[in-house]
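# Architecture and fold: a report
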Amino acid sequence: MSAYIVYQDQLPGLFRLWAKIYKVHVPVQTAPGFYDFAPWEPGGEVAWDYDLTVNPLKRFLLPPREDLVVFDARDYTAKGVFEAPQQLLFGVHPYDLRAVAQLDQLMEHGSPDKNYRRRRDNTVIFAMEPLRIAPDAFWSTMGAGRADIGFDLYWTKIGPATFFVEVGTARGEELLLAGGEVERASAAHHEAARRTREATRRHADAHGLKFPWQELARVMAKAWDDSIWREKSSMCLACGSCNLVCPTCYCFDIREEMDETMTRGRRWRQWDACMLPSFALVAGGHNFRAKHLERYRHRYFRKGKYIFDMIGEPGCVGCGRCIKACTARIANPLTVFNRLWEEYA
Ligand code: SF4
Ligand code: SF4
């Protein structure tokens, strides 16, 4: 693995270079205690020490709403729509990287999603070791504290103005060296990065699952009839917020509409949410998950078992976004998983 050292005062120049090719997005503070990715602006503040962004990264790869096909009813022709901007996401934390790695696998599953693929291919990801950990986060105990793939560069702050930058891809290295020579990391720098990451992990491990995440699917398999589903779901407002903020939820709905002339139209998709009452409603009016309990339980089985069975890891990376977003305070996967472990270990 090659690695370099970048000093804070080199960054404005690098950002300017990258912004000539890519739409660059960086973490920024949007309100006290709230962060999100936003377009980089010269002289703008980067929130180096953000703990969690309100929105997950999936919106850059699977937008909340996008056209898939445009068609003309007069001559029965149709054309696929593929919008894939060149974009660079700077400062992505490892749990979000892990979520993207899951999406990469899941969107290839069955019929590969070409719209997702094109966006992903055009997206450069510069990951960053977290400097702060969100109070609700439990990613370290979900195995999402470190990602070995899925990034072009991985930045670790090892001094007040010094970054250790690990190369993930040739594309990343090329972008790093685009502005001229960059100092190679020494053995001491490698050691400093290792110590920094170890300290982050130790801190992150203090809050989380009380059991190895590898046991989750086995525990879930025994929990179908548990009382927790009724108890918690009785307070659910069916708002879908827990789905929308989740970096690994990727369900969408597809619709078609004609324009006002009724000659041309388009097929588009938009995010859907399995916690919404209409999610499993089908033609004829039958709803496969009409009850709160059924939808609430489904979300946990999706996270803890179904995705696990497909890709060998939980469909929850422990970011804690759903915990923060749920006004009823019942969407916390950690509380549910830990309780089920106590009952079924
Ligand atoms: S279920 Fe909640 S904690 Fe887990 S990845 Fe989704 S938003 Fe994050
Ligand atoms: S955010 Fe909370 S209230 Fe809303 S659907 Fe999810 S669990 Fe229910």
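Here, every reference points to the structure presented above.
First, a word on scope: everything that follows refers to the structure included in this document. (Residues numbered from 1 in each chain as written. Chains lettered and ligands numbered in written order. Predicted model: local features only at pLDDT ≥ 70, side-chain atom pairs only at ≥ 80, totals over all residues. Heavy atoms only, no water.)

## Topic: the pairing of strand S11 (residues 252-258)
Where S11 meets strand S12 (residues 264-271), seven bridges bridge the pair, whose relative direction is antiparallel. In the strand pairing of S12, Asp253 is matched with Gln270. (Pairing = 2+ DSSP bridges. Helix = DSSP H or I, 4+ residues; strand = E, 2+ residues; numbered from the N terminus.)

## Let's talk about the site of ligand 2
Around ligand 2 sit Cys236, Leu237, Ala238, Cys239, Gly240, Ser241, Cys242, Met275, Cys326, Ile330 and Ala331, and those are all the residues in its vicinity. Among the residues making up the shell around ligand 2, the classes are represented as nine nonpolar, two polar and no charged. (Near = heavy atom within 4 Å. Nonpolar A, V, L, I, M, F, W, Y, C, P; charged D, E, K, R; others polar.)

## Here's the deal with the environment of Gln86
Relative to the helices and strands, Gln86 resides in the loop between strand S5 (77-80) and strand S6 (87-92). The class of Gln86 is partly exposed, set by a relative accessible area of 36%. Remark: the alpha-carbon pair of Gln86 and Gly208, spanning 122 residues in sequence, is separated by 36 Å. Beyond its immediate chain neighbours, meaning those up to four positions away, Gln86 contacts Ile21, Tyr22, Lys23 and Asn122. (Buried < 20%, exposed > 50% of the residue type's maximum accessible area, 1.4 Å probe, protein only. Contact = heavy atoms within 4.5 Å.)

## Examining the packing of aromatic side chains
Two aromatic rings are characterised by how far apart their centres lie and by the angle between their planes. Taken as a whole, this structure holds 25 aromatic pairs when the rule is applied. Taking 5.0 Å as the distance between ring centres and 75 degrees as the angle between the ring planes, the aromatic pair formed by Trp18 and Phe126 counts as edge-to-face. Remark: Phe126 occurs in strand S7 (residues 123-128) and Trp18 occurs in helix H1 (residues 11-21); sequence separation between them is 108 residues. Centroid distance Phe90 to Trp155: 5.0 Å. Interplanar angle 65 degrees. Geometry classified as edge-to-face. A residue pair is termed long-range when its members are at least 10 positions apart, and Phe90 in strand S6 and Trp155 in strand S8 (residues 153-159) qualify at 65 residues. According to the relative accessible area criterion, Phe90 is buried, its value standing at 1%. Members of the aromatic cluster, connected to one another through ring pairs, are Phe15, Trp18, Trp40, Trp48, Phe90, Phe126, Trp155 and Phe163. Positioned over the ring face of Trp271 is Lys58, at 4.6 Å from the centre of the ring. Positioned above the aromatic ring of Trp268 is the side chain of Arg65, whose terminal nitrogen or guanidinium carbon lies 3.7 Å from the ring centre. (Phe/Tyr/Trp six-rings, centres within 6.5 Å; stacked < 30°, edge-to-face > 60°. Lys NZ or Arg CZ within 6 Å of the ring centre and 35° of its normal.)

## Observations concerning the packing of helix H10 (residues 292-311) against helix H12 (residues 333-344)
Contact geometry of H10 with H12 gives a least axis separation of 12 Å together with a crossing angle of 80 degrees. As the angle between them shows, H10 and H12 are arranged roughly perpendicular. Judged by residue contacts, Tyr296, Arg299, Tyr300, Lys303 and Gly304 of H10 engage Pro333, Val336 and Phe337 from H12. Considering only residue class, the contact of H10 with H12 consists of five nonpolar, one polar and two charged. (Axes fitted to C-alpha atoms, helices over the stretch in contact; angles between N-to-C directions. Parallel < 35°, antiparallel > 145°, perpendicular 65-115°, else oblique.)

## Some thoughts on the state of the cysteines
As used here, a disulfide is simply a covalent bond connecting the sulfur atoms of two cysteines. If you walk through the whole model with that rule in mind, you get zero disulfides. With no disulfide of its own, Cys251 lies 6.3 Å from the sulfur of Cys274, the closest cysteine sulfur. When its relative accessible area of 30% is taken as the criterion, Cys251 is described as partly exposed. You can see Cys274 has no disulfide; the closest cysteine sulfur is in Cys249, sitting 5.8 Å from it. Judged by its relative accessible area of 8%, Cys274 falls in the buried class. (Disulfide = S-S within 2.5 Å.)

## Some details on the nonpolar core
If you look at the biggest cluster of nonpolar residues, it comprises 61 residues, and the most contacted ones within it are Trp18, Leu88, Phe90, Phe126 and Trp155. The dominant element in this core, judged by the number of residues it contributes, is helix H3 (residues 94-106), at six residues. Dropping the residues within four chain positions of it, Phe90 is found in contact with Phe15, Trp18, His25, Val26, Pro27, Phe37, Trp48, Phe126 and Trp155. Counting 31 residues, the second-largest nonpolar core is a separate cluster that includes Phe138, Ala223, Tyr296 and Ile330. (Core = buried A, V, L, I, M, F, W, Y, C linked by side-chain atoms within 4.5 Å.)

## Looking at the sheet that holds strand S2 (residues 23-31)
In spatial order, the strands read S3-S2-S6-S7-S8-S9-S1-S10; together these eight strands make up an open sheet with mixed pairing. Across the chains shown, the open sheet's two edge strands, defined by having one partner strand only, are strand S3 (34-39) and strand S10 (183-184). The sheet contact formed by S2 and S3 spans six bridges and is antiparallel. Within the sheet, the bridge partner assigned to Ala31 lies in S3 and is Phe34. Most of the contacts of H1 go to S2, to which it runs at about 120 degrees, and overall it touches strand S1 (3-7), S2, S6, S7, S8 and strand S9 (162-167).

## Regarding the pairing of S7
Buried residues dominate S7, accounting for six of its six residues. Both faces of S7 are covered, namely the face carrying Thr123, Ile125 and Ala127 and the face carrying Val124, Phe126 and Met128. Looking at chain direction, S6 and S7 are connected through five bridges and run parallel. In the strand pairing of S7, Phe90 is matched with Phe126. Bridging between S7 and S8 involves three bridges; their strand directions are parallel. Paired with Phe126 across the bridge in S8 is Leu153.

Read these as layout, nothing more, since geometry by itself doesn't imply function.
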